[in-house]
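Architecture at a glance
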Amino acid sequence: MSRVGVFVCWCGSNIAKTVDVARAAEAAASMPGVVFATDYKYMCSEPGQNLVKEAIHEHKLDRIVIASCSPRLHEATFQRCIAEAGLNPYMVEMANIREHVSWVHDDREKATEKAIDIIRMLVAKVRRDFPLFQNQIPLTKRALVIGGGIAGIQAALDIADAGYPVTLVERTPSIGGRMAQYDKTFPTLDCAACILTPKMVDCVSHPHIDIRTYAEVEEVSGFVGNFRVAIRQKAKSVDESKCTGCGLCTTKCPVRVNSEFEEDMGQRRAMYVPFPQAVPNIPVIDREHCRLWNDQKCGVCAKVCPTGAVDYEQQDQVTMEEFGAIVVATGFNMWDHRQIGEYGYGQIPDVISGIQLERLMNASGPTEGKIVRPSDGKVPRSVVFVACVGSRDENHGHSYCSKVCCMYTAKHALLLKEKLHDAQMYVFYMDIRANGKGYEEFSRRAIEEYGANYIRGRVSRIYQDGDKVVVKGADTLLGKQVQIEADMVVLATAMEPQPDAKNLARMLGISTDQHNWFSEAHPKLKPVEVLSAGIYLAGACQYPKDIPDTVAQASGAASKVTGLFARPHLRSEPMIATVDQARCVACQLCAGVCPFTAIEIVEIQDAKTKQIRLAAKVNESLCHGCGTCAAGCRGNCIELRGFTDAQVLAQIDALALM
Amino acid sequence: MSDDTPDKTANDLSNLTVGGHRSDPEFFERVNSLSGQNVSLCYQCGECTAGCPTAFAMDFKPNQVSRLVQLGMAEEALSCNSIWICVGCETCATRCPKNVDLCAIMDALRQMASKRHVKSPETDVQSFHEVFLSSIRKSGRMHEAGLIAALKLKTGKLTKDIPLGLALLKKGRLNPLPDPVKDKAAVQAIFGEAQTPGEDNGRQ
């Protein structure tokens, strides 16, 4: 015979103002199985919880109904509470009389009746509750970081420093990412390489970090604590154990192609390291452009290599590896401004993007830091910057602000003014968004101290006129059209997700927003988590971010990983589906509808016939307890623990058979 | 920061055309030096316009006058009525979040407009300024009756305000005779200093 206790919460005035809580408690006291019922101002407070614990002891209660708020808010609170009083934590039910009653109704009389009905339903259910127990799941204490930019580097270093092994997968030949391309960083103008390369070197020398460059994640399966990941190591055509990084092969390679790292402002060879400070300092052969693969002749690199490290026979290798957690740090892509007709479709050579200017300014860039325009190598005397190129522009598919352009445009204007003293800088902007530490002051410095002419308005047209690039636009502060004969134009183009972000999201089972940025689990309270446990986000793969925010988030993701790894093992939620295999006919409908691929079809020995046959089985680590399979099962042989048919039907009966 | 930081606000606008007019590359610097202000500090928030008691009558609002200077639009800045409508109440200067004294800029623009003989759209206001200054120059102190007479002659509005003038006379508020200061030479010296050739002789 069950002994139910019902506790009706006022939630201050949240519930009590609409529901007659005393009457609800009184009504509950006479419901079948209820031996004790009361109301209290704040059930979730410490005195409220003590009230529950004392009642459990005093009235020998064995199951509890808390009539208060949504189980999302406080179910865990009261599970802990009754566990402390010695009951199984799954012997409590939450009757939601706040979100479902007091917040949505005005009529006190009817609201009270509805609250009593809801309490009656949960009393009926709780009488059929049975104890549930968590299972232990093993945990692989090794992390995978996807993406070797500053986000991935920071996350890998933090996790490795905590003593856990990390595999850092990067698809280009070097770690470093976007930050390695930048010249200086706002608002302090630290040289990007000076602050980044030490971290890159830390990664390569860290005993717990395994760097895989020129490698990609191909397949991900499993679940938190137990991911299985296929990693493709693309053939570098160089034996890393023999290569000394002398670079002779890269100077002798006869093939020149546009360098991705230099954003097409410079060239590289087919045998190349992307930039001088690359980590690891091991060249790769770009087989798509290599003469040996295209014309079946050459082989110069192998001839000049003093250690015989060049290996044309090398093949891609795919390895299957196990990880307990994954940090996604795949970064962003720059939107291609060649789609904008009014800005010249990318046909005007002296109209470049901000990241191209970074390479122009960089001392190890194609011009060794000399600011010259791409068309004729002349030093520009008048430079126009255009902010929000593609950003905040639904016409071009980006409703969002790319967040960093205001700052790097101010930085560009300021740095160019330092390099070209008497040159004019014009900046077309819509708003100056400088919301970071020292940012507003920095952008004002470009205007007030360096004389950058900021013009609030859009640019309507850019065209070549002789050796000038004419920029037409508006000054909305005066309501007048303006025109500038410039030597060079720099476009602050929008940040975009990586072109293959959607694929990776599908592989990892994580969601994206309408632009394909990866979605966090909660925009405020779970900014580094995703909805799948064990996977965390770092950096601009989630949304445009600057370096400080990226590094902060990367450390946040790392702390989530180390927090996970600090546990001895994982516990599974017991409110999951279970299959009555004796009755299962292996129709596999459940496997098809399961959103978490938690149902496997396994061979079992039939209890009666002793023959081997197929049946469904639930992987307890993967099951989220959504109940889709239970609803779909034709033979009615799947049940959701904690929500069995008996429990749910009793709830309905309690309402219907009034 | 490197040593070769450029001069502050080396603001050259020679390649800019606004509303079909070429920007005057020197105008910005001249207004800065004459007013003692740095107009590039202005970030166009509009606080000045919001609080200005006379902005309703201006063709370019106070923040737009600042913008005209920022873009080197000399012709518009010197010929607009705003610089003459401004009464110099200093509300804008008091409230400016960047501590720009827009009244000083208005002052500088009025001086430049006078020097360059730009015809003001507010002829009466300009006439009043001229008559007022000549009255001070003569007696070192304003002589109301003389000022009114001179202004009436200059504007040709002879009969306007007669009842008011008579009422003031009756109450002894209008002294028919001037009451000059003792040390006229000092006043002359001040005028002399203010009027040394060139425009860049104002506040620094």
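Residues numbered from 1 in each chain as written. Chains lettered and ligands numbered in written order. Predicted model: local features only at pLDDT ≥ 70, side-chain atom pairs only at ≥ 80, totals over all residues.

Burial of helix H10 (residues 162-170) of chain B is sparse: only zero of the nine residues sit out of reach of the surface. Downstream of H10 of chain B by one or two residues, Gly172 of chain B has phi in the positive range, about 75°. (Buried ≥ 20, exposed ≤ 12 C-beta atoms within 10 Å, placed from the backbone. Helix = DSSP H or I, 4+ residues; strand = E, 2+ residues; numbered from the N terminus.)

Right, let's talk about the interface of chain B and chain A for a bit. Counting residues at the interface gives 23 residues for chain B and 23 residues for chain A. When contributions to the side of chain B that touches chain A are tallied by element, the ones reaching two or more residues are strand E1 (16-18) and helix H3 (62-70) of chain B. Across the side of chain B that touches chain A, the residue classes tally to eight nonpolar, eleven polar and four charged. Of the strand pairs in this sheet, strand E26 (residues 480-486) of chain A and E1 of chain B are connected by three bridges, and their pairing is antiparallel. What sits directly across from Val482 of chain A, in E1 of chain B, is Val18 of chain B. (Contact = placed C-beta atoms within 7 Å. Nonpolar A, V, L, I, M, F, W, Y, C, P; charged D, E, K, R; others polar. Pairing = 2+ DSSP bridges.)

Glancing now at the sheet that holds strand E22 (residues 424-429) of chain A. One key point about sheets: their strands pair by backbone hydrogen bonds, in either a parallel or an antiparallel sense. Residues and elements named next belong to chain A. With parallel pairing, five strands are arranged side by side in an open sheet as E20-E27-E21-E22-E23. Only two strands of the sheet have a single neighbouring strand rather than two, namely strand E20 (351-353) and strand E23 (453-456). Pairwise comparison of adjacent strand axes, ignoring direction, gives a mean angle of 25° for this sheet. Alignment of strand E21 (residues 382-389) against strand E27 (residues 488-493), held across five bridges, turns out to be parallel. (Axes fitted to C-alpha atoms, helices over the stretch in contact; angles between N-to-C directions.)

Before going further, it helps to spend a moment on the sheet that holds strand E11 (residues 215-223) of chain A. All names here are of chain A. Read across the open sheet, the three strands follow the order E11-E12-E17; overall the sheet is antiparallel. Bordering the open sheet on either side are E11 and strand E17 (317-323), each of which pairs with just one other strand. Taken over all neighbouring pairs, the strand axes of this sheet differ in orientation by 20° on average, direction set aside. The sheet contact formed by E11 and strand E12 (residues 226-233) spans eight bridges and is antiparallel.

All names here are of chain A. Looking at chain direction, strand E32 (residues 599-605) and strand E33 (residues 612-618) are connected through seven bridges and run antiparallel. Note on E33: the bridge partner recorded for Ile601 is Ala616. Counted along the chain from E32 to the antiparallel partner E33, the turn is six residues long, and its residue Lys610 has a positive phi close to 65°.

Turning next to the domain arrangement of chain B. Often, the extent of an interface is quoted as the loss of accessible area upon association of its parts. Here chain B is described as being made up of domain 1 (17-115) and domain 2 (123-194). The distance between the C-alpha centroids of domain 1 of chain B and domain 2 of chain B comes to 28 Å. (Domains from an automatic or database assignment.)

On the secondary structure map, Ala215 of chain A appears in strand E11. For Ala215 of chain A, the residues in contact, after removing those within four places along its chain, are Val169, Glu170, Arg171, Ile231, Arg232, Gln233 and Lys234 of chain A.

Here we come to helix H13 (residues 439-448) of chain A. All names here are of chain A. Turning to H13, its buried residues are Phe442, Ser443, Ala446 and Ile447. Looking down the long axis of H13, one finds its buried residues gathered within 140° of arc, a one-sided arrangement. Among the structural elements, helix H12 (405-419) and E23 are those in contact with the buried residues of H13. (Arc of directions from axis to C-beta.)

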